[in-house]
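Here is what each chain is made of, one letter per residue.
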Amino acid sequence: MCGRTCLTLGPDEVKHACQYKSSKDEKQKTPEFRQEFNCGKSYQPSTNICPTDVTPVLISSNHVSEEPTDSSDRVLVPMMWGMIPFWHTGDYKNHKLTTNNCRLETMTTSKMYKRSFEKGQRCVVVCEGFYEWQTTKELKSSERPAYYFYMPQNASVEITDAKTFNDGKDVNLLKMAGLFDVWTDKNGDDMYSYTVITFESDDKFSWLHHRSPAILETEEQLADWLDYKRVPMDDAMKCLRPATSLKWHQVSNIVNNSRNKSDECNKPIKAGKRKISNPLMDN
């Protein structure tokens, strides 16, 4: 599963980190950052992002452009984590469903997610990393060791120190496949919201948790997932496969408290306090 992420970059820095090459002429492009949605809720950078928070999400620009555009073009739209059912009425906070994750195995049949997938509402959730807690019967939930997962970085970047990111230009963000939908309130205002796709963990991560988020490791995977006009549903599903290059380290359980936004949340725990419960932890 995936229940917490970290993204400390501001909007302009996220734009720099999400630059890509045009499929037409190979020119470097920077996605626009759209901020006019979400019923007054806005993106706030944080080391401890939780469901119901708003974070930047990549989608095809065709979804928000008034005029048809190249479906391979991208735009960043801040969206609320936790998809609001399109059929929900009343206050968006009161649908009482847990929709921060979507199971891949039932995505194409679910009343909640099938419509979004069929409409091509595929998105990519960008972050510096995500947190996961080791599932074990021996420990209470509050005592389970927490880990921070992220993509490999070049030698000049320290993933837990945004000062090394060069305004976002050098950091390799982690990108998770998701679905989004648009819910409209009684005043006609739109709320964009998303869910992160998960599947059964493979042998590499089953020691930690039985579910893993669908991570897009290559530019080809990312482009195919977003370009819903060029890539049909069946082919898009092939983009969702276990990650092979993730890095991780154990972090303090201060991250357990969703109100704790300390800079220490994503830092490795100090030597001598680390709890090793699986050989794979020595990543």
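Our subject is the structure listed above.
What counts as what
- Residues numbered from 1 in each chain as written.
- Predicted model: local features only at pLDDT ≥ 70, side-chain atom pairs only at ≥ 80, totals over all residues.
- Heavy atoms only, no water.
- Helix = DSSP H or I, 4+ residues; strand = E, 2+ residues; numbered from the N terminus.
- Rg over C-alpha atoms; globule rule 2.2 N^0.38 Å.
- Buried < 20%, exposed > 50% of the residue type's maximum accessible area, 1.4 Å probe, protein only.
- Contact = heavy atoms within 4.5 Å.
- 1 Å grid on protein atoms, 1.4 Å probe; cavity = no way out; pocket = protein on both sides within 12 Å on 5 of 7 lines; lining within 4 Å.
- Points joined across faces, edges and corners; volume = space filled by probe spheres on them.
- Nonpolar A, V, L, I, M, F, W, Y, C, P; charged D, E, K, R; others polar.

> Account for the overall build of the chain, with residues named and values stated.
Helix and strand content of the chain: four helices and 15 strands. Whereas a compact globule of 283 residues would reach a radius of gyration of roughly 19 Å, the chain reaches 18 Å, a difference of no more than 12%. Across its three principal axes, the chain shows a C-alpha extent of roughly 60 × 45 × 35 Å. With 283 residues in all, the chain has 52% of them scored as buried. Taking contacts inside the chain between residues at least 6 apart in sequence as the whole, the part at least 24 apart equals 68%.

> Outline empty space enclosed by the protein, supporting the account with residue identities and numerical values.
Throughout the structure, instances matching the rule amount to one cavity of 30 Å³ or more. The volume enclosed by the largest cavity comes to roughly 130 Å³. Around the largest cavity, the lining is made up of 18 residues, and of these Phe130, Phe205, Ser212, Pro213 and Leu246 lie nearest the centre. Residue assignment for the lining of the largest cavity shows that the elements contributing at least two residues are β10 (129–133), β13 (190–200) and β14 (211–213). Here the element with the most residues in the lining of the largest cavity is β14; it accounts for three residues. Residue composition of the lining of the largest cavity, grouped by class: eleven nonpolar, three polar and four charged.

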